[in-house]
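Coordinates in review
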Amino acid sequence: MAAVTDHMTAPGAPAIRRTPMATFDLIFRNASFLAALFVLVLLAGIMLSMVIGGWPAFREFGLGFITSSVWDTQREQYGAWPAIVGTLSTALIALLVGVPLSLGIAVYLTQLAPAWIKQPVSTAIELLAAVPSIIYGMWGLFVFVPLFAAYVQIPVSNLVEGIPILGTVMYSRSPSGLGILTAGIILAFMIIPFIASITRDMLDQIPSVLRESAYGIGATTWEVVRHVLVPQAGVSIIGAIMLGLGRALGETMAVTFVVGNANRLSASIMDPGSTIASRIANEFNEAMGLQLNSLIALGCILFFVTFVVLVAARILVARVKSF
Amino acid sequence: MTMTTPAGSTEVVWGRVRQGRRTADRAMKLIATGFTFLAIFVLFWILGLLIVKGIGGLSLATFTHVTPGPGSEGGGLANAIVGSLVLTFLGIVVATPVGVLAGTYLAEYGRGSKLADLIRFINDILLSAPSILIGLFVYVILVEPFRGYSGWAGGVALGIIAIPVIVRTTEDMLRLVPGGLREAGSALGAPPSVVITSVTWRAAKSGMVTGILLALARIAGETAPLIFTALNNNSWFAWNLSGGVANLPVTIYQFASAPYENWQELAWAGSLIITVSILILSVVARRIVRGGK
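Residues numbered from 1 in each chain as written. Chains lettered and ligands numbered in written order. Predicted model: local features only at pLDDT ≥ 70, side-chain atom pairs only at ≥ 80, totals over all residues. Heavy atoms only, no water.

Scanning chain A from terminus to terminus reveals 13 helices and 2 strands. By principal-axis analysis of the C-alpha atoms, chain A measures approximately 95 × 65 × 35 Å. Burial status across chain A gives 54% buried among its 323 residues. Nonlocal contacts in chain A, meaning residues at least 24 apart in sequence, comprise 75% of its contacts between residues at least 6 apart. Carbon together with sulfur atoms contributes 68% to the accessible area of chain A, which is approximately 13,900 Å² in total. Put simply, chain A has 16 plus and 15 minus side-chain charges, and the middle of one group is 8 Å from the middle of the other. (Helix = DSSP H or I, 4+ residues; strand = E, 2+ residues; numbered from the N terminus. Buried < 20%, exposed > 50% of the residue type's maximum accessible area, 1.4 Å probe, protein only. Contact = heavy atoms within 4.5 Å. Areas by Shrake-Rupley, 256 points an atom, 1.4 Å probe, with all protein chains shown as cover. Lys, Arg positive; Asp, Glu negative; His and termini not counted. Charge placed at Lys NZ, Arg CZ, Asp CG, Glu CD.)

Structure, rendered in structure tokens:
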């Protein structure tokens with residue numbers, strides 16, 4: 001505004017009049033350009049700080065840092081394998097539980113819900129994303145975990161005991177309710193709003209002519225969804241799922257509350273474990289020296305894994321947006 | 001050719017095929033509806049739990065007393081609440097200028113440029129990057145070199161989380177402004193910077209405010225990055241951000257699984273306060289967007 005009034009009142013030749021304007025213009029343009037560049041600097045900074053901070057651990061243990069299962073603060077031996085496995089398995093469980101739920105919700109919102117119900121239900125689903133991670137942790141630890149121990153872990157453990165493969169994977173040695181499976185289920189509810197709302201938007205974008213012609217030849221709602229909508233939105237749904245995966249991989253507080261924070265690797269998904277993020281959150285404040293470097297090195301691994309997942313997700317989502 | 005055949009005979013002709021298709025259709029509808037209700041049920045379960053458990057810990061003392069030490073009676077969350085407000089505010093103050101300017105560049109100056117496409121792409125990645133990594137990043141650049149946890153570091157960490165949110169919404173909102181407005185501004189002889197600040201920004205104001213509110217809601221409950229940066233303390237909030245600063249999320253984290261009953265009660269009260277504020281913020285932000293349209 002100030003610039004406009006300056007312009008109006010400034011007397012004299014055009015050359016003099018234009019000078020302050022041109023200066024402000026240049027400053028504004030460059031400031032916004034620098035701000036935009038700052039976004040790139042941020043990502044580069046995060047990458048560099050992880051690599052540099054974790055370097056002593058990578059140098060000390062080499063490739064063994066990734067493959068070793070020992071995490072011993074006394075002997076200064078650190079290996080990331082249990083945390084990597086924990087991260088991948090909780091995220092996988094979250095997808096197995098969360099993806100069907102999210103797709104069902106997206107279909108309900110776009111195809112089934114009456115108009116007056118669509119908006120409030122959409123908002124409610126999106127609010128699931130607004131609930132802070134730590135609140136999911138509180139709910140998980142104090143409400144979900146005891147119920148899960150009593151009604152799932154103990155009965156299932158009794159059921160599968162002695163059965164060859166199931167007896168290993170599903171058996172809980174100490175049915176406390178904490179564990180990889182619990183963390184995965186809670187993560188599932190945390191990623192639902194992301195997958196569901198992107199899928200909903202994608203389904204809404206599909207031209208209604210396609211839908212109408214399918215109904216016109218007598219298809220049922222299920223057939224329209226299965227044979228028309230899903231193939232149309234196809235790749236972008238995979239993108240949405242990968243975005244959810246990116247969330248699940250790096251989720252920290254909720255997982256730290258319910259995963260049990262065990263340092264050893266167990267074959268059973270009912271047993272406590274740890275993820276990269278939960279390990280960092282749990283040990284960071286007491287860590288010194290090589291342990292600190294090892295934790296940052298864990299962060300470095302997490303960075304590159306989520307980076308690859310998110311890049312793939314964005315490419316897939318963007319590709320279909322422009323069809 | 002009209003409906004001369006009785007209903008019964010059509011069922012015989014179409015019967016089995018139609019039955020199978022209808023069952024599949026019904027099952028799908030039932031499952032989709034059920035899934036939606038399950039998700040909403042979980043939301044209300046969490047909210048109900050917070051209200052039931054948190055309302056007991058809420059009293060005047062919660063807002064006037066500082067967090068209690070181990071084993072001491074009573075206490076409140078006053079320092080944590082003030083600290084959280086200050087850190088969140090600091091984060092928004094850091095993020096708003098950078099986010100708005102970067103969003104403006106992407107929407108106004110960078111149209112069609114390869115660099116702007118790259119920045120947009122990277123911004124979308126930062127938008128979903130795990131917040132714990134941003135906490136570690138700020139630890140490495142601001143905590144380790146200065147040998148101590150500080151409120152400044154906490155505010156910067158929250159700011160970095162907020163920037164991508166603001167960039168994204170600012171750009172989206174500016175793109176909704178019709179080109180005719182810009183052309184009208186340019187036709188009057190206004191240079192690009194004046195067109196942007198007094199025409200485009202003004203037209204997109206409510207949307208941009210929404211973006212800032214959403215960013216606020218996003219960072220208000222962040223816990224992980226604060227563990228590495230601001231940490232916590234038990235004393236009354238002082239206007240000195242160079243030491244650890246008490247804040248609600250880390251207080252909840254530390255108090256929730258503590259053996260003291262008053263700590264647990266305060267953790268629930270804190271959870272209720274923080275969740276209700278964030279949900280109200282999100283709903284208000286959504287309202288503004290819908291009202292603006």
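How big an interface is tends to be expressed through the accessible area that disappears when the partners come together. Each partner contributes to the interface: chain A provides 82 residues, whereas chain B provides 82 residues. Across the interface of chain A and chain B, roughly 7,500 Å² is buried in total on both sides, 80% from carbon and sulfur atoms. Counting the surface chain A buries against chain B, the share from its top three residues, A:Phe28, A:Trp139 and A:Arg314, is 9%. Applying the counting criterion to the chain A and chain B interface returns 2 salt bridges. For the salt bridge of A:Glu126 with B:Arg286, the shortest nitrogen-to-oxygen distance reads 2.2 Å. The tally of links from chain A across to chain B stands at 10 residue pairs in polar contact (both at pLDDT 80 or more). Considering every element that reaches the side of chain A that touches chain B, the biggest residue donor is helix α2 (residues 14-61) of chain A, with 20 residues. Taken together, the residues that form the side of chain A that touches chain B break down as 59 nonpolar, 16 polar and 7 charged. (Buried area = accessible area lost by both parts, 1.4 Å probe. Salt bridge = Lys/Arg side-chain N within 4 Å of Asp/Glu carboxyl O. Polar contact = N/O pair within 3.5 Å; in protein donor to acceptor, adjacent residues only side chain to side chain. Nonpolar A, V, L, I, M, F, W, Y, C, P; charged D, E, K, R; others polar.)

Residues and elements named next belong to chain A. Judged by side-chain polarity, Leu63, Ile66, Trp81 and Leu265 come together as a nonpolar surface patch covering roughly 380 Å² of accessible area. Position of Ile66 among the secondary structure elements: in helix α3 (residues 64-67). Given a relative accessible area of 31%, Ile66 falls into the partly exposed group. (Patch = residues over 30% accessible without salt bridge, like charges linked within 9 Å, V, L, I, M, F, W, Y side chains within 5 Å.)

Right, let's get into the confidence of the model for chain A. All names here are of chain A. When pLDDT is averaged along chain A, the result is 87; 92% of the residues meet or exceed 70. The least confident element of chain A is helix α1 (residues 2-9), whose mean pLDDT is 46; the most confident is helix α4 (residues 81-112), at 94. This model gives residues 1-16 a pLDDT under 50, and the stretch forms 9 contacts once residues within four places in sequence are excluded. (pLDDT = per-residue confidence, 0-100.)

Here we come to the pattern of salt bridges. For the structure shown, the criterion picks out 15 salt bridges over all chains. Two residues, A:Glu223 and B:Arg21, come together in a salt bridge whose shortest N-O distance is 2.7 Å. Of the two residues, A:Glu223 is situated in helix α10 (residues 221-250) and B:Arg21 in helix α1 (residues 7-54); the pairing between them involves two chains. Taking the relative accessible area as the measure of exposure, B:Arg21 reaches 32% and is therefore partly exposed. Connected through shared salt-bridge partners, A:Glu126, A:Arg200, A:Asp201 and B:Arg286 make up one network.

This brings us to the side chain of A:Asp72. Residues and elements named next belong to chain A. When you line up the elements, Asp72 lands in strand β1 (residues 71-72). For Asp72, the side chain forms a polar contact with the main-chain nitrogen of Gln74, separated by 2.9 Å. There is a polar contact of 3.1 Å between the side chain of Asp72 and the side chain of Arg75. Residues within four places of Asp72 in sequence aside, it is in contact with Gln77 and Tyr78.

On to the packing of aromatic side chains. Using the criterion set out here, one finds 21 aromatic pairs over all chains in the structure. Aromatic pair A:Phe284 and B:Tyr139: ring centres 4.7 Å apart, planes at 85°, arrangement edge-to-face. In this pair, A:Phe284 sits in the loop between α12 (276-283) and α13 (289-321) while B:Tyr139 sits in helix α5 (residues 131-143), so the two residues belong to two different chains. Put simply, the rings of A:Phe58, A:Phe61, A:Phe65, A:Trp71 and A:Tyr78 pair up and form one aromatic cluster. Directly above the aromatic system of A:Trp71 lies the positively charged group of A:Arg279, at a separation of 4.5 Å from the ring centroid. (Phe/Tyr/Trp six-rings, centres within 6.5 Å; stacked < 30°, edge-to-face > 60°. Lys NZ or Arg CZ within 6 Å of the ring centre and 35° of its normal.)

The backbone phi angle of A:Glu76 is positive, close to 60°, even though this residue is not glycine. By relative accessible area, A:Glu76 is classed as partly exposed at 35%.

Residue and element names in this part refer to chain A. Here Val255 lies in helix α11 (residues 253-258). Between the C-alpha atom of Val255 and that of Gly179, which follows or precedes it by 76 residues, the distance is 9.3 Å. Ignoring any residue separated from it by four or fewer positions in sequence, one finds Val255 in contact with Ala183, Leu187, Thr275 and Ser278.

Moving on, we get to the side chain of B:Thr229. Residues and elements named next belong to chain B. With respect to the helices and strands, the residue Thr229 is situated in the loop between α10 (224-228) and α11 (248-256). Separated by 2.7 Å, the side chain of Thr229 and the backbone oxygen of Pro225 make a polar contact. Those residues in contact with Thr229 that sit more than four places away from it in its chain are Gly135, Val138, Tyr139, Val143, Tyr149, Ser150, Ala153, Gly154 and Ala157.

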